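Chain and residue survey
One-letter residues, chain by chain:
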2 protein chains.
Amino acid sequence: MPKTTKKDRPVILITNDDGVMAPGILSLVEAVKDLGKVVVVAPDKPQSGMGHAITIGLPLRLHPVEIFEGVEAWQCSGTPVDCVKLAVDKVLRRKPDICLSGINHGANHSINVIYSGTMSAAVEAAIESIPSAGFSLLDHSVEADFTGARKFARIIVQQMLKTKLDKHTVLNVNIPAVPVELIKGIRICKQAYAKYEEDFIERNDPNGKKYFWLTGEFVNFDKGKDADVWALEHNYVSVVPVQFDLTNYALKAKLEKSWKF
Amino acid sequence: MPKTTKKDRPVILITNDDGVMAPGILSLVEAVKDLGKVVVVAPDKPQSGMGHAITIGLPLRLHPVEIFEGVEAWQCSGTPVDCVKLAVDKVLRRKPDICLSGINHGANHSINVIYSGTMSAAVEAAIESIPSAGFSLLDHSVEADFTGARKFARIIVQQMLKTKLDKHTVLNVNIPAVPVELIKGIRICKQAYAKYEEDFIERNDPNGKKYFWLTGEFVNFDKGKDADVWALEHNYVSVVPVQFDLTNYALKAKLEKSWKF
């Protein structure tokens, strides 16, 4: 298959996990649409909490939609990861220059990167050798103010486009939920060690059978000033470079020495 | 809540992503049930490809099941990650000493760790400060021969129980699909860089509308002898220590120097 020759304008693939109708993806399209040829392929319904899920055993649907003025857009019945795979194979028929995911309605800092559909799409792109970034605003509400998120997403994408990025680059970008004039700037960070202290609320259904609702309180154990949670608490945009080689090399070296079978 | 005092026998939580009825989980229970007090909490249906999904917006069900002789077992309507969370909070009401996931019907080496429900359960346990391991046999079939997998899972769990493991330890264990006498031993490995070269098969439904089936050919780009794919191809059991801090520290240092906003 002959590879499409690269035009001057970079091809920017945009996806998300809140679905193609979410205000956040519209904000991302608006923030960057003059920076390249933007194509949207996003889920047709919200997919939050899907982690790095892919659709096996079910066929996928893909339909063109007219939502974004002057921007080619498709909705897909699958997960964010399915969207990236389908976009490259069936929509673009080439690799885009970069892939952007978001802007997510809600935080994906610290350990949330692991559960995040937004970030899984970005990671999938990087596995496919497409530099990528996921953007998340620390505000769940549908009426969230994306002004600051738009401004800083644009600054970061401009920086990405003018940098010679490694093809496996993934950036996890989170934006504090404060008025844009209070955002102090951008910090390159590490992923904070934080987790959810789970609590399941127990209820009985009308037949007297128990069921559980997952709830959880977020607890940050990482007070370091180079951690993303610190940056966000101090009104900075956090940028965590992410990798998909999960090997714990320090433990590998230790076990190689100490474990004899 | 008073913490249950630790008994001499370690508490071993077992889960999987193929569902509580899968032969693989029975093999894992049989392999280790005399090494501690084993409790099973596993999905009530297969959850393959669910990645690190959690159930949001739907209540979870949890029912005791009698499947494993002399072993307490529960089935849960959620994902493998839900199972770990519910097990700690509602079944054990304490942290188990270790958590085991599997034995998965199919490989989870190399990049598959990212998509794997089996490994997501193990990673979730490690986030919760429970040392853990996920086990996968390189054979998808329901009639797969788990003899080698059982033998080596037992050896590795014995090693885990006699080692003072860091509480965030996660091991990704894969077992080659060959007769047990051909398995040469166990190797501590790194995650190979490999990926799926996707191909979507395009079909038309009875109404003439297109749909797609995800297919893909696995391609290994990593020929290193310390990579898990090499070990498995040479009939070794591969053990990759895994981490959940996804920060790319090398790129972090580089961007801190070169990116000025």
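In this text, all values refer to a predicted model and were calculated from it rather than measured experimentally.

**What to know about the overall build of chain A**
- Along chain A, the regular secondary structure elements total six helices and 11 strands.
- The C-alpha atoms of chain A give a radius of gyration of 19 Å, which matches the 18 Å a tight globule of 261 residues would have.
- Seen through its C-alpha atoms, chain A measures out along the principal axes to roughly 55 × 50 × 50 Å.
- The buried share of chain A, reckoned over its 261 residues, is 52%.

**Thoughts on the interface of chain A and chain B**
- Between chain A and chain B, the residue contacts involve 54 residues of the former and 55 residues of the latter.
- At the level of elements, α2 (80-92), α3 (117-127), α4 (147-162), β8 (185-188), β9 (194-204), β10 (210-220), β11 (236-242) and α6 (249-258) of chain A are the ones that each hand at least two residues to the side of chain A that touches chain B.

**Focus: unusual backbone geometry**
- Following G102 of chain A, the chain continues to I103 of chain A via a peptide bond in cis, the omega torsion being -10°.
- Along the chain, I103 of chain A falls in strand β5 (residues 98-105).
- The backbone phi angle of R93 of chain A is positive, close to 55°, even though this residue is not glycine.
- As for its position among the elements, R93 of chain A is in the loop between α2 and β5.
- The backbone phi angle of S110 of chain B is positive, close to 45°, even though this residue is not glycine.

**Side note on the packing of α2 of chain A against α3 of chain A**
Residue and element names in this part refer to chain A.
- The geometry of α2 relative to α3 is characterised by a closest axis approach of 8 Å and an angle of 30° between their N-to-C directions. Here α2 is positioned roughly parallel relative to α3, judged by the angle of their axes. By crossing handedness, the relation of α2 to α3 is classed as right-handed. Residues P80, V81, C83, V84 and K85 of α2 pack against G117, T118, S120, A121, E124 and A125 of α3.

**As for the pairing of strand β4 (residues 72-76) of chain A**
All names here are of chain A.
- Counting buried positions along β4 gives four out of five residues, so the element sits mostly inside the fold.
- When strand β3 (residues 62-64) meets β4, the two strands line up antiparallel, connected through three bridges. Within the sheet, the bridge partner assigned to P64 lies in β4 and is W74.

**Concerning the environment of K162 of chain B**
Residues and elements named next belong to chain B.
- Structurally, K162 can be placed in helix α4 (residues 147-162).
- Given 8 C-beta atoms within 10 Å, K162 falls into the exposed group.
- The sequence separation of K162 and L26 amounts to 136 residues, and the corresponding C-alpha distance is 23 Å.

**Regarding α2 of chain A**
All names here are of chain A.
- Within α2, the axis deviates most sharply at L86, by approximately 40°.
- Burial within α2 is extensive, with 10 of its 13 residues counted as buried.
- Every buried residue of α2 is accounted for by P80, V81, D82, C83, V84, K85, L86, A87, V88 and V91.
- Once α2 finishes, R93 follows within two positions and takes phi at roughly 55°, a positive value.

**Structural notes on the packing of helix α1 (residues 23-32) of chain B against α4 of chain B**
All names here are of chain B.
- Two elements in contact, α1 and α4, have axes whose closest approach is 9 Å; the angle formed by their N-to-C orientations is 50°. Overall, the two elements α1 and α4 adopt an arrangement that is oblique. As for the relative orientation of α1 and α4, their crossing is right-handed in sense. Taking contact as the criterion, the partners of S27, L28, E30, A31 and V32 in α1 are, on α4, A149, R150, A153, R154 and V157.

**Here we look at the sheet that holds strand β11 (residues 236-242) of chain B**
Residues and elements named next belong to chain B.
- Reading across from one edge, β3-β4-β2-β1-β5-β6-β7-β11-β8 is the order of the nine strands in this open sheet, with mixed pairing throughout. Of all the strands in the sheet, just β3 (62-64) and β8 (185-188) have a single pairing partner and so form its edges. Averaged over all pairs of adjacent strands, the angle between their axes in this sheet comes to 20°, without regard to strand direction.
- Along the sheet, helix α2 (residues 80-92) contacts β1 (11-15), β2 (37-43), β3, β4 (72-76) and β5 (98-105); its crossing angle with β2, the most-contacted strand, is approximately 135°.

**What to know about α4 of chain B**
All names here are of chain B.
- Taking 1.5 Å per residue, 16 residues should reach 22 Å; α4 reaches 23 Å between its end C-alpha atoms and fits that length.
- Of all the residues in α4, the buried ones are G148, A149, R150, F152, A153, I156, V157 and M160.
- At its buried positions, α4 is contacted by α1, β5, β6 (132-137), β7 (170-175), β8 and β11.

**What about the relation of the copies chain A and chain B?**
- Aligned on chain B, chain A shows an RMSD of 0.0 Å; the corresponding rotation is 180° and the shift along the axis is 0.0 Å. Considering both components of the superposition, the chain copies are consistent with a two-fold axis.
- With an isologous cut-off of 70% or more, the 100% of interface residues of chain A that recur at the interface of chain B puts this contact in the isologous class.

**A word on the pairing of β7 of chain B**
All names here are of chain B.
- Among the six residues that make up β7, six are buried, leaving the element largely enclosed by the rest of the structure.
- Residues V170, N172 and N174 point to one face of β7 and L171, V173 and I175 to the other, with burial holding for every one of them.
- When β6 meets β7, the two strands line up parallel, connected through six bridges. From the neighbouring strand, L137 faces β7, where its bridge partner is I175.
- Where the polypeptide runs from β6 across α4 and back to β7, its parallel neighbour, the crossover connection is left-handed.
- Here β7 pairs with β11 via five bridges, running antiparallel.

**A look at the sheet that holds β11 of chain A**
All names here are of chain A.
- Pairing is mixed across the open sheet formed by nine strands, whose spatial order is β3-β4-β2-β1-β5-β6-β7-β11-β8. On the outer flanks of this sheet lie β3 and β8, each paired with one strand and no other. Looking at each pair of strands side by side, their axes are set apart by 20° on average, direction ignored.
- Alignment of β5 against strand β6 (residues 132-137), held across five bridges, turns out to be parallel. Note that in β6 the partner of S101 across the bridge is G134.
- With respect to the sheet, α2 is in contact with β1 (11-15), β2 (37-43), β3, β4 and β5, its orientation differing from that of β2 by roughly 135°.

Conventions and cut-offs
Residues numbered from 1 in each chain as written. Chains lettered and ligands numbered in written order. Predicted model: local features only at pLDDT ≥ 70, side-chain atom pairs only at ≥ 80, totals over all residues. Helix = DSSP H or I, 4+ residues; strand = E, 2+ residues; numbered from the N terminus. Rg over C-alpha atoms; globule rule 2.2 N^0.38 Å. Buried ≥ 20, exposed ≤ 12 C-beta atoms within 10 Å, placed from the backbone. Contact = placed C-beta atoms within 7 Å. Axes fitted to C-alpha atoms, helices over the stretch in contact; angles between N-to-C directions. Parallel < 35°, antiparallel > 145°, perpendicular 65-115°, else oblique. Left-handed = near helix turned anticlockwise from the far one by under 90°. Pairing = 2+ DSSP bridges. Bend = angle between axes of the 7 residues up to and from the residue. Expected span 1.5 Å × (residues − 1). Least-squares fit on C-alpha atoms with pLDDT ≥ 70 in both. Right-handed = clockwise from strand over helix to strand, strands pointing away.

Don't take any of this as a statement about function, it's just geometry.
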